[in-house]
Amino acid sequence: MTEHNEGRVREDPATGEAPVTGEDSSGRRGKPSSHHGDDDRERDLATELAELARSLQQEPDSDAVLAGFVHAALELIPGVDEGSVSVVIGRKNVGSRGSSGDLPARIDALQMETGEGPCLEAAYEHRTVRVPDMAHEERWPLFAQRATEAGARGMLSIQLWVEGDDLGALNLYSYEANAFTDESENVGLLVASHAAVAFAEAEKSRQLHAAVDSRDAIGQAKGILMERHKVTGDQAFFVLSMASQRSNTKLRDVADHLITSGELPAKKTAG
């Protein structure tokens, strides 16, 4: 019978080998540090995440990219039970993207309602914020009390990006206290760095496609006016621009309205 010393990886009684599953001994997702040596583990994770980032570049939108990295966080980071990417607009409006369940959305709502919490702290003040036990958290007393009642005992927030007053943070949750460790932070930073790069690429692609679509729509609307009124391209563009100003409507929307209805939008009146 094999003797087990404290701190050693327990052997499978059937095979006599150490387990290599994606769950730690408590049943939570994420690979324990005993799965590899530190250097090997970091290289393996970096390779896995780089491959994930490349595969997600084929996804049609940034939400799919973020959801892919949240899933990776649940699989790779020790102690994680739920996760999401919190997006803050104007330093106060907090929303969840790529959420793994209902808990992240509830916690984001609490952060927006109370105006405090780890996500805001991580995004604006520190790169990483760890909450070992929400029931004993004193930095944000109102938020911590209500988050505990919602079921979040541990939380780990990692900054993804900051653009003016808009930001994103990877938020990770545990149903148990003291689930997150230094390893959780280290692996979380790896996941977050790859997620930030992949998201930025996805946003560039989205903006490029939007610009192309807008250009095509405006070109089509110009063609309609040129044919209908026998005017030049510059004159048709001027007509669209004036309609945009009169109706207080974006130029792209003016073009779409003309294409679908055959008419320019009506001038908005005060009222």
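As the structure is a computational prediction, the values presented were derived from the model and not from experiment.

Rules of the game
- Residues numbered from 1 in each chain as written.
- Predicted model: local features only at pLDDT ≥ 70, side-chain atom pairs only at ≥ 80, totals over all residues.
- Heavy atoms only, no water.
- Pairing = 2+ DSSP bridges.
- Helix = DSSP H or I, 4+ residues; strand = E, 2+ residues; numbered from the N terminus.
- Axes fitted to C-alpha atoms, helices over the stretch in contact; angles between N-to-C directions.
- Contact = heavy atoms within 4.5 Å.
- Buried < 20%, exposed > 50% of the residue type's maximum accessible area, 1.4 Å probe, protein only.

Caption draft 1: Local environment of the sheet that holds strand β4 (residues 154–163). Strands sit in the order β2-β1-β5-β4-β3 across an open sheet of 5 strands; the sheet is antiparallel. The outermost strands of the open sheet, each flanked by one partner alone, are β2 (93–97) and β3 (128–131). Geometrically, the sheet is characterised by an average inter-axis angle of 25° between neighbouring strands, direction not taken into account. With 5 bridges connecting them, strand β1 (residues 82–89) and β2 associate as antiparallel partners. Directly across from Ser86, in β2, lies its bridge partner Ser96. Packing of helix α2 (residues 62–76) onto the sheet brings it into contact with β1, β2 and β5 (166–174), and relative to β1 it is tilted by some 140°.

Caption draft 2: Expanded view of unusual backbone geometry. One non-glycine residue, Lys230, lies in positive phi territory at about 55°. The backbone of Asn248 sits at a positive phi, close to 55°, despite the residue not being glycine. Mapped onto the fold, Asn248 is located in the loop between α7 (233–247) and α8 (251–261). For Asn248, a relative accessible area of 65% translates into the label exposed.

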